[in-house]
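# Structure assessment
Read off the chains here:
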Amino acid sequence: MSIEVISIIVLFASFFTLLMLKVPVAYSIGISTTLSLLLNIDNLPGLTTIAQRMTTGIDSFALLAIPFFVLAGEIMKRGGIANRLINFAKSLVASLPGGLAYVNVLASMLFGAISGSAIAATSAIGSIMTDRMEEEGYPREFSASVNITSATTGLLIPPSNILIVYALASGGTASVAALFIAGYLPGILLGFAIMAYIAFVAITRKFAKGDRVPLSLIWTYFRKAFFSLLLLVIVVGGIVAGVFTATEASAIAVLYAGVLALIYGDVKTKDFPSILLTSAKTTAVVMFLICTSMAMSWLFSFEGIPELISSFLLEQFSNKIVIFLVINVVLLIIGTFMDMTPAVLIFTPIFLPVVVALGMDPVHFGIVLVLNLCIGLCTPPVGTILFVGSGVANVPVSQVIKPLIPFLLIMVLVLLLITYIPAISMYLPSLLDL
């Protein structure tokens, strides 16, 4: 057995063992990569290589967008924007059967898109909507399920930090602007699919509906939410028009959100130090994940793992429909125990060459990959959004699982539609020639 094969075995065996021992993902990635590199000590300068790869892995201008968008999201979370979006969404759909559940979905879509964070959307919207929904007869575990799954739409609808990470992992084959525009229709489709299931449940369970809101009041709520919604137009419109880059847009988002929060009066100048500290902690975790993941991704390339997997899949399966299905199943499994950021960085270089060889556009695959891993965020044992959503709703995770299953099946159905119907993702980028 060659040293390369032994190195690969050590890499995967140590990585999965550490995960099962509940070692944090970033440390598991870093330790397993280091162990594998040490076996190649004759070919590589040992530990200095991993330090170099971790450093160069985050030496990217595009990655500067992440701390800025994290900071913008934290400001929005505390700045009263969530309440304004909820009131606007409620004025639109609360009169329908199950109206408050629709409000939960719409508000999560809007807030998740503006903040670029599914966790921020889960905590901000869930903390407000769960109690409101319980007052009108909705079970808390059902409300939590709606909140958990709808929060993932913000990872598809731009601006989205994870799409920036994918653009980096793709080696420049997928631009941030194209990915942002490509995420609109899939994100909206996912939100509407969740709402369709809510409509079915609302009719069968006879959920309450609110009073019809007059147009004058809808206009009032729209005016109050207008400047929050305008951020989407400024950020995404500016990137697509070429006025500024995604990184510059993220800085503009911070400035805009900060001024807006001060004008609304929900954030005071004295609150900014704690906001900055919270954002710095979040950024540190994300960047450390990116550091170690980029080192492991480089090791994959050094060992030729992407080429091996590509050759295996293309030799074993002649039908690209089957290959896409196999890749989706593998990613669904990976998403259950690995956080989204390292999963994107590690598995993009592995699967991207395969799908490109079969004719899938890198932008299309980016949307498929992100939606696939969104499902993992809602499932145990790692499911970050699952635990945040359950905690915010004050409901044990075990009670959320059963009502959550139909929503997860809907997400899988949407995933298959987006995988096999490229136009859902690629229509808008092709229309705008991105």
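Residues numbered from 1 in each chain as written. Predicted model: local features only at pLDDT ≥ 70, side-chain atom pairs only at ≥ 80, totals over all residues. Heavy atoms only, no water.

## Some words on helix H8 (residues 140-150)
Among the 11 residues of H8, 10 are classified as buried, and the element is accordingly described as predominantly covered. Listed in full, the buried residues belonging to H8 are Arg-140, Phe-142, Ser-143, Ala-144, Ser-145, Val-146, Asn-147, Ile-148, Thr-149 and Ser-150. (Buried < 20%, exposed > 50% of the residue type's maximum accessible area, 1.4 Å probe, protein only. Helix = DSSP H or I, 4+ residues; strand = E, 2+ residues; numbered from the N terminus.)

## A closer look at a nonpolar patch on the surface
Side chains of Ile-321, Leu-325, Val-329, Ile-333, Leu-413, Leu-416, Leu-417, Tyr-420 and Ile-421 sit close together on the surface and give an oily, nonpolar patch of about 740 Å² of accessible area. Going through the elements one at a time, helix H16 (320-337) and helix H20 (397-420) are the ones with two or more residues in the nonpolar patch. Here Ile-333 shows up in helix H16. (Patch = residues over 30% accessible without salt bridge, like charges linked within 9 Å, V, L, I, M, F, W, Y side chains within 5 Å. Areas by Shrake-Rupley, 256 points an atom, 1.4 Å probe, with all protein chains shown as cover. Salt bridge = Lys/Arg side-chain N within 4 Å of Asp/Glu carboxyl O.)

## Looking at the confidence of the model for the chain
Residues with a pLDDT of 70 or more make up 94% of the chain, whose mean pLDDT is 81. Summarising per-element confidence for the chain, the mean pLDDT is lowest in helix H15 (residues 305-316) (73) and highest in helix H18 (residues 362-377) (92). (pLDDT = per-residue confidence, 0-100.)

## With respect to the layout of surface pockets
The space that makes up the largest pocket amounts to roughly 760 Å³. Lining of the largest pocket is provided by 29 residues; of these, Ser-117, Ala-118, Ile-119, Thr-282 and Val-286 occupy positions nearest its centre. Residue composition of the lining of the largest pocket, by class: 15 nonpolar, 11 polar and 3 charged. (1 Å grid on protein atoms, 1.4 Å probe; cavity = no way out; pocket = protein on both sides within 12 Å on 5 of 7 lines; lining within 4 Å. Points joined across faces, edges and corners; volume = space filled by probe spheres on them. Nonpolar A, V, L, I, M, F, W, Y, C, P; charged D, E, K, R; others polar.)

## Comments concerning the packing of aromatic side chains
Given two aromatic rings, their pairing is described by the distance between the two centres and the angle made by the two planes. All chains considered together, the criterion is met by 12 aromatic pairs. Considering the side-chain rings of Tyr-197 and Phe-200, the 6.4 Å spacing of their centres and the 35 degrees angle between planes classify their relative orientation as tilted. Separated by 3 residues within a single helix, Tyr-197 and Phe-200 lie in helix H11 (residues 184-205), roughly one turn from each other. By relative accessible area, which is 52% here, Phe-200 ends up exposed. Put simply, the rings of Phe-88, Trp-219, Phe-222, Phe-226 and Phe-227 pair up and form one aromatic cluster. (Phe/Tyr/Trp six-rings, centres within 6.5 Å; stacked < 30°, edge-to-face > 60°.)

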